[in-house]
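Single-letter residue listing:
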Amino acid sequence: MAGELVQADRVLRIGQRVEFYLDNDDEKYISRIEDITDKGIVVAMPFNKKRVPVIPMRGTYVYALAVGDKCRYQFLTIFREKSLQDGFLPVWHIDKPDRVEKHQNREFVRVRVTKNVAVSIIGDDGSIGEPTMTYTIDLSGNGVCFLMNEPLPVDTQVALELYDIPDVGTVKVMGRVIHSTKFERRDGDVYHVGTHMEHLSRQVMNKIVRYLFYVQRRNIAKGIETV
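This report concerns the structure included in the present document. Residue positions are given per chain, counted from 1 along the sequence in the order it is written. Per-residue local features of the predicted model are confined to residues with pLDDT of at least 70, and side-chain atom pairs are confined, for both listing and counting, to 80 or more; whole-chain, interface and lining totals are unaffected and use all residues. The side-chain numbers reported here are obtained from all heavy atoms of the structure, hydrogens and water having been left aside.

A few points about the environment of V43
So, step 1. Mapped onto the secondary structure, V43 falls in strand β4 (residues 40–44).
So, step 2. Along the sequence, V43 and V18 sit 25 residues apart, while their C-alpha atoms lie 8.3 Å from each other.
So, step 3. Setting aside anything within four residues of it in sequence, one finds V43 in contact with F20, S31, R32, I33, E34, V91, W92 and I94. For the purposes of this entry, the term helix denotes a DSSP run of H or I that reaches at least four residues, the term strand denotes a run of E that reaches at least two, and both are numbered from the N terminus. The contact definition used throughout considers only heavy atoms, calling two residues in contact when any of these lie within 4.5 Å.

Here we look at the nonpolar core
So, step 1. Of all hydrophobic cores here, the largest spans 25 residues; its most connected members are L139, F146, L160, L162, M197 and I208.
So, step 2. Of all the elements in the fold, those that place two or more residues in this core are β9 (116–121), β11 (143–148), β12 (157–165), β13 (169–183), β14 (190–198) and α2 (202–221).
So, step 3. Among residues more than four places away in sequence, those in contact with L162 are N116, V117, T136, L139, V144, G169, T170, V171 and M197.
So, step 4. Among the nonpolar cores identified, the runner-up in size contains 23 residues, and V6, A8, W92 and V100 belong to it. Nine residue types can take part in a nonpolar core, namely buried Ala, Val, Leu, Ile, Met, Phe, Trp, Tyr and Cys, and a core is a set of them joined through side-chain atoms within 4.5 Å. We call a residue buried when its accessible area falls under 20% of the maximum for its residue type, exposed when it is over 50%, and partly exposed in between, using a 1.4 Å probe and counting protein chains only.

Focus on the pattern of salt bridges
So, step 1. Criterion for a salt bridge: a side-chain nitrogen of Lys or Arg within 4 Å of a carboxyl oxygen of Asp or Glu. Summed over the entire model, instances satisfying the criterion amount to 9 salt bridges.
So, step 2. Measuring nitrogen to oxygen at the nearest pair gives 3.5 Å for the salt bridge that ties R176 to E198. With R176 in strand β13 and E198 in strand β14, the pair connects residues that are 22 residues apart, well separated along the chain.
So, step 3. Of the residues examined, R176 reaches a relative accessible area of 27% and is grouped as partly exposed.
So, step 4. Given the relative accessible area of 18%, E198 is considered buried.

Focus: the sheet that holds β12
Strand-to-strand pairing in sheets goes through backbone hydrogen bonds, with the strands running parallel or antiparallel.
So, step 1. We call two strands paired when DSSP finds no fewer than two bridges between them. Spatial ordering of the closed barrel is given by β9-β10-β11-β14-β13-β12, a layout of 6 strands whose pairing is antiparallel. Averaged over neighbouring strand pairs, the angle between their axes works out to 45° when direction is ignored.
So, step 2. Sheet analysis places β9 next to strand β10 (residues 132–139), joined by 4 bridges and oriented antiparallel. For V119, the partnering residue across the bridge sits in β10 and is T132. Angles shown run from 0 to 180 degrees and are taken between the N-to-C directions of axes, each axis being a line fitted to C-alpha atoms and, for helices, limited to the stretch in contact.

Concerning the pairing of β13
So, step 1. Bridge count for β12 against β13 is 7 bridges, and the pairing is antiparallel. If you follow I165 over to β13, its bridge partner there is G169.
So, step 2. The turn joining β12 and β13, which pair antiparallel and follow one another in sequence, is formed by 3 residues; a positive phi near 70° is taken by D167.
So, step 3. As paired elements, β13 and β14 share 9 bridges and run antiparallel to each other. What sits directly across from G175, in β14, is M197.
So, step 4. The antiparallel pairing of β13 with β14 creates a hairpin that spans 6 residues between the two strands, and G188 there sits at a positive phi of about 125°.

Next up, the structure:
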């Protein structure tokens, strides 16, 4: 299920730690909020691991995780420009979102989407079983939950092929089962199997997250109530 949508003005604050992710980039950039206006947010310019300032092109979409007490707030924003605040502090100017998504101790929240997925169980000897075709229940930047007729034990290794992800196509990735939850149906019990996707590149992860943000914006436009 998706996280709780919250008005940004209620939770974003000056001095708050923010983590940024850029497309085509595997690195996480650490910053903090320096100022908040009616239309924008000013954050300290992040630096990469070599202490080089990070300056995206104007209009670049960036993904942000604002760190709160016992939770994080995820949002998509746009880099507008850089400047010097108070004449000496290098900063970014980014758009302020209307809403952010609250989630508990997860790098990425889950969004309900239905996509075809092939699941192959990997044996202890490294052998790969025949794929089972099924569909997803929800998806995040680093995990997927799918439907199965039988439970899979926790820590089972699986090979996954996720189909028709916009701007990506087919995602082939290894996964590790973290839970199997039984649901009773009239035609028999089924299981929602949650899996952590392992060794997924940041580039592919960002494209998945961009697609999920699109799904969330579309759902909001249809009238999902916000908090």
